[in-house]
Amino acid sequence: MSTAQPLPAAPAVSPKAAPAPATPPIVEIEKLDFFYGDKQALFDVTLGIPEKQVTAFIGPSGCGKTTLLRCLNRMNDLVDVARIGGGEIRIDGINIYDPRVDVIELRKRVGMVFQKSNPFPKSIYENIAYGLRLHGIKHKDKLDEIVEKSLRGAALWDEVKDRLHDSGMGLSGGQQQRLCIARAIAVEPDVILMDEPCSALDPIATAKVEELIHELKTRYTIVIVTHNMQQAARVSDQTAFFYLGKLIEFAGTQKIFMNPSNPQTESYVSGHFG
Amino acid sequence: MANDSSPEPIAVSHSVRKQLLAPGKFRLFGKNRDWWIKQFFEGNAALSIVVLLLIVFTLFREAAGFMPGNRHNLEVYRRAGLEYVDILKRETDAVAALGRELSATRLAWFEALRAEGLSSEDANERLAALDEIDTRLADASGPLRDIVSEMTDHASGVKERAKVAEDMREVRANLLAGIGGSDSERVASLKAQAEAVEIETIDYPTEVVALTGRLPEIQAANRSLSAELGAIVAALPTASEAAVAKRLQRFARELEEFRAGLPRAEGELVRWRADEPIGFFESFNAFLFGRTWVTASFWQDWYGVLPLFFGSFFISVLALAIAIPLGVCAALYVNQVARPAEQRFIKPYIEFISAIPSVVLGFFGIAMLGETLRLVSQVPWLSWVPGFPMQERLNAFTAAALLALMAIPTIFTLAEDALQNVPKALREASLALGATRMQTIVKIILPAALSGITAAILLGFGRVIGETMVVLLCAGNRIAVPDFSAGLGVAFQPVHTMTGIVAQEMGEVVRGSLHYRALFMVGSLLFLLSLAVNYGAQKIVRRYRLPQT
């Protein structure tokens, strides 16, 4: 690492996120090895994600943070060549890669918000009601109630309450992403995975989503992958830094950004590479 | 040089400089190579458009002459009294149909008696009363038949003379058209020849009087027919066998209906006027809604496209009913479920079907499919299937099954494209919410791809309705509107198609004749139909395209 340049100031850690002591982990990742065909993408990752907190995965492109995120709800099953090489992931003590586990049930408990907002080409109302119907909720009044609750939960209700039956594709980028969050929380998952949820949004929309994440963590365990270190610093309680498929350091966010114990972490958070 | 103090030119290697700056040496008529290349591509595009315009123009120009031609055809039909005779003919035809019905009833009764154990002599004896009625029925319409026969001869004679007169007029016109040039001797000879051509002027009103003048005679014949039929109904024997009794009752009912209809037919005859003009739209309607297509007939030619249109449409709908589930389901499987190895196998395989020449499919249809279907239809325990056992080996269903095979690649490929265009993110979003693969396909993927799939189906329809060879070989080619009273069994009736009739008759038709123009009309109709289908498909795709983000 070059020492000729002055170190840029580490991003400020928001006081709101500051001193949250780690709660007992709800998701435990143990000695996980993961492969795409012959190429190993994750090496011996061990990590406990605390309940009702925000855990951020950071690291340069291709470091395996998104791969790990998608392991948590087995979205990697959709990739033909993807396979677990060793280790396990337990949610509430149950190994989710156990053959007896119903992947459909797992995904109901572990919701996901994607990098690019992907509302269904249906109305705003139907976007949210879709997941509810999958779970067997058919009654109109019940659906209305949960749709409203979810939209309020995603801080979108006031903006769309008059046009619930317009297409979800007609919303702005930030609104679409909050609609996707509303869709995810409607089915009351335990964990919400967010894969760079703000990377396609402008700063104002980003601020709204971040604020929302803050509110959501009182009720959900949130895992967020982000490229944006300021964002990680602002929203997360715990931060895990990955590099080349390995977990380099995992600690409270404040510690990672102010006082990292690993020199690689330090040079990444201070912007020397990545 | 404007500026001497300009800096040294940048040193560029000689060859690069040559490529960049040298104007091409090629020159043709003062134009460089780029210009000619541009012209070449432009010319190709222009040529395609010009050819298309020419085709459209020819099609409609040839078809345009049909309307006045057919109007004239119908005019002669009326003025020469053929129409009048046809009204009467319908009466005698109806009596003949009643006679056939009676014979069929007799046969059924005879078999019933035999089944009861009577010898054929005894059975015939029992049926003697019925046989007598049969004879009486045939005799009853005798006078009317004689009248019709004489009137037919007269009317067709008049029509024949009209046709000869028309031909002669044409001969004279041709001779006169040949006049020209300076050879005075030749001109004089042609003129003399032209004048020597005898053209008969046919006085239609007096000719028709020979027909309408017989009205009292017809009315008398009708009266005696009606009386005789009444007597027949009264004399109809009763059968103890339930089925036969039922048939006899129906026969009696039909006889009475016919009797009741006689005054109406008579009224038609009384009201008929030979000089009633034929409107332009009557000629058009006779084409579009006419139920008969009869050509080169000694009596009267009819160019009604309805049975052909029905045939084409019916076969296409049947074919799509087979092809849509197969094509769309195959596309869904390949796009959503299949492993890459399966995809690599299935896709080219289905697309290969479109490489089979349609004539090959056609004789496969005749030799294999038609034959097999007929054998299958004769299996006794399958007789519950509507339309089984099949009357004809070649029918709408045979052709539709093969056309479906031809439509599947079109529908499959386009539907697969439509599914491919559904963003993968939607699928992931649905799965991440805990949907199963089937739920995702049915509730998310299929609705999102629906416009594309609809377009695929429409284009499949266009492909099927324009197909010629298979329908010509396998559809059975009977020119009649399918009898939908047969229920689902209607699928096993032979039909003829618009494409088939053009292919079949175009080779033998006299250029410029009314028949020739009628075929062009059929072609134009087909053209407009495919145009509408393709336009609709494009509109749908554009209207419902997903926003590409």
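Residues numbered from 1 in each chain as written. Chains lettered and ligands numbered in written order. Predicted model: local features only at pLDDT ≥ 70, side-chain atom pairs only at ≥ 80, totals over all residues. Heavy atoms only, no water.

Things to note about the overall build of chain A
Tallying secondary structure elements over chain A gives 10 helices and 10 strands in all. Its C-alpha atoms give chain A principal-axis dimensions of roughly 60 × 45 × 30 Å. With 274 residues in all, chain A has 53% of them scored as buried. Nonlocal contacts in chain A, meaning residues at least 24 apart in sequence, comprise 69% of its contacts between residues at least 6 apart. Entry remark: accessible area of chain A is about 12,000 Å², with carbon and sulfur atoms responsible for 52%. Averaging the positions of the 31 positive and the 33 negative side-chain charges in chain A gives two centres separated by 2 Å. (Helix = DSSP H or I, 4+ residues; strand = E, 2+ residues; numbered from the N terminus. Buried < 20%, exposed > 50% of the residue type's maximum accessible area, 1.4 Å probe, protein only. Contact = heavy atoms within 4.5 Å. Areas by Shrake-Rupley, 256 points an atom, 1.4 Å probe, with all protein chains shown as cover. Lys, Arg positive; Asp, Glu negative; His and termini not counted. Charge placed at Lys NZ, Arg CZ, Asp CG, Glu CD.)

Let's talk about the overall build of chain B
The helix and strand inventory of chain B stands at 21 helices and 2 strands. Expected size for 549 residues packed as a compact globule is a radius of gyration near 24 Å; at 35 Å, chain B overshoots this value by more than 25%. Taking the principal axes of its C-alpha atoms as reference, chain B extends roughly 125 × 90 × 40 Å. Burial status across chain B gives 40% buried among its 549 residues. (Rg over C-alpha atoms; globule rule 2.2 N^0.38 Å.)

Observations concerning the packing of aromatic side chains
Counted according to the given criterion, the structure contains 19 aromatic pairs over all chains. Centroid distance Phe-57 of chain A to Phe-242 of chain A: 5.2 Å. Interplanar angle 65°. Geometry classified as edge-to-face. In this pair, Phe-57 of chain A is assigned in strand S3 (residues 54-58) and Phe-242 of chain A in strand S9 (residues 238-243), connecting sequence segments 185 residues apart. Residue classification places Phe-57 of chain A among the buried positions, given a relative accessible area of 0%. On the basis of relative accessible area, Phe-242 of chain A is assigned to the buried category, the value being 0%. Centroid distance Phe-313 of chain B to Phe-461 of chain B: 6.0 Å. Interplanar angle 75°. Geometry classified as edge-to-face. Within this pair, whereas Phe-313 of chain B is found in helix H13 (residues 306-337), its partner Phe-461 of chain B is found in helix H18 (residues 437-465), the two being separated by 148 residues in sequence. The partly exposed category is assigned to Phe-313 of chain B, whose relative accessible area is 38%. (Phe/Tyr/Trp six-rings, centres within 6.5 Å; stacked < 30°, edge-to-face > 60°.)

Quick word on helix H17 (residues 424-432) of chain B
Those residues of H17 of chain B that fall on the buried side of the exposure criterion are Leu-426, Glu-428, Ala-429, Ser-430, Leu-431 and Ala-432 of chain B. On its buried face, H17 of chain B is in contact with helix H1 (65-72), helix H2 (103-109), strand S6 (110-113), helix H3 (124-134) and helix H6 (173-186) of chain A together with H18 of chain B. After H17 of chain B finishes, the residue Gly-434 of chain B shows a positive phi value of roughly 95°.

Let's talk about the interface of chain B and chain A
The accessible area lost on association of the parts is a frequent measure of interface size. If you look at the interface, chain B gives 20 residues, while chain A gives 25 residues. Interface area, chain B with chain A, both sides summed: about 1,800 Å², of which 69% is carbon and sulfur. Looking only at chain B, the three residues that lose the most surface to chain A are Glu-428, Ala-432 and Leu-433 of chain B, adding up to 34% of its buried area. For the interface between chain B and chain A, the tally reads 1 salt bridge. (Buried area = accessible area lost by both parts, 1.4 Å probe. Salt bridge = Lys/Arg side-chain N within 4 Å of Asp/Glu carboxyl O.)

Considerations on the sheet that holds strand S1 (residues 25-36) of chain A
By way of backbone hydrogen bonds, the strands of a sheet pair with one another, either parallel or antiparallel. All names here are of chain A. Taken in spatial order, the 4 strands line up as S2-S1-S4-S5 in an open sheet, and their pairing is antiparallel. Of all strands in the sheet, those with a lone pairing partner are strand S2 (39-50) and strand S5 (94-95), marking the two edges. Pairing geometry for S1 and strand S4 (residues 82-91), over 8 bridges, is antiparallel. In the strand pairing of S4, Glu-30 is matched with Glu-88. Strands in contact with H1 are S1, S2 and S4; relative to S1, the strand with the most contacts, it is inclined by about 120°. (Pairing = 2+ DSSP bridges. Axes fitted to C-alpha atoms, helices over the stretch in contact; angles between N-to-C directions.)

Considerations on helix H7 (residues 203-216) of chain A
Residues and elements named next belong to chain A. In this model, H7 (14 residues) spans 20 Å end to end at C-alpha, consistent with the 20 Å of a helix rising 1.5 Å per residue. Elements in contact with the buried residues of H7: S3, helix H4 (140-153), H6, strand S7 (191-195), strand S8 (221-225) and helix H8 (229-235). Where H7 starts, the residue carrying a side-chain oxygen 3.0 Å from the main-chain nitrogen of Ile-204 turns out to be Asp-202. (Expected span 1.5 Å × (residues − 1). Polar contact = N/O pair within 3.5 Å; in protein donor to acceptor, adjacent residues only side chain to side chain.)

Regarding the side chain of Ser-236 of chain A
Residue and element names in this part refer to chain A. Position of Ser-236 relative to the elements: it lies in the loop between H8 and S9. In this structure Ser-236 comes out as buried when scored by relative accessible area, which is 0%. At 2.6 Å, the side chain of Ser-236 forms a polar contact with the backbone oxygen of Ala-232. Reaching out from Ser-236, the side chain makes a polar contact with the side chain of Thr-239 at a distance of 3.2 Å.

Looking at the state of the cysteines
All names here are of chain A. According to the stated counting rule, one finds 0 disulfides over all chains in the structure shown. With no disulfide of its own, Cys-180 lies closest to Cys-198 among cysteine sulfurs, the gap being 12 Å. Given the relative accessible area of 7%, Cys-198 is considered buried. (Disulfide = S-S within 2.5 Å.)

Re the sheet that holds S6 of chain A
All names here are of chain A. The strand order across the open sheet formed by 6 strands is S6-S7-S8-S3-S9-S10, and the pairing between neighbours is mixed. Single-partner strands in this sheet number two, and they are S6 and strand S10 (246-252). Strand-to-strand twist in this sheet, taken as the mean axis angle between neighbours without regard to direction, amounts to 20°. Pairing between S7 and S8: 5 bridges, direction parallel. Its bridge partner being in S8, Asp-195 is matched across the sheet by Val-225. Packing against the sheet, H6 makes contact with S6 and S7, and its axis sits at approximately 175° to S6.

Observations concerning the confidence of the model for chain B
All names here are of chain B. On average, chain B scores 85 in pLDDT, and the residues at 70 or more come to 94%. Summarising per-element confidence for chain B, the mean pLDDT is lowest in helix H1 (residues 14-21) (65) and highest in H13 (93). The complex prediction reports pTM at 0.77, with the ipTM value standing at 0.85. (pLDDT = per-residue confidence, 0-100.)

What about the packing of helix H7 (residues 142-177) of chain B against helix H9 (residues 204-212) of chain B?
Residue and element names in this part refer to chain B. One way to put it is that H7 packs onto H9 with a least axis distance of 9 Å and a crossing angle of 165°. Judged on the interaxial angle alone, H9 and H7 are roughly antiparallel. Remark: the crossing between H7 and H9 carries left-handed chirality. Where H7 approaches H9, its residues Met-151, His-154, Ala-155, Val-158, Arg-161 and Ala-162 are matched on the opposing element by Tyr-204, Glu-207, Ala-210 and Leu-211. Taken together, the residues of the contact of H7 with H9 break down into 7 nonpolar, 1 polar and 2 charged. (Parallel < 35°, antiparallel > 145°, perpendicular 65-115°, else oblique. Left-handed = near helix turned anticlockwise from the far one by under 90°. Nonpolar A, V, L, I, M, F, W, Y, C, P; charged D, E, K, R; others polar.)

Comments concerning a nonpolar patch on the surface
Nonpolar side chains collect at one region of the surface, where Phe-26, Leu-28 and Phe-29 of chain B lie side by side and expose about 350 Å² of accessible area between them. Within the fold, Phe-29 of chain B resides in the loop between H1 and helix H2 (33-64). (Patch = residues over 30% accessible without salt bridge, like charges linked within 9 Å, V, L, I, M, F, W, Y side chains within 5 Å.)

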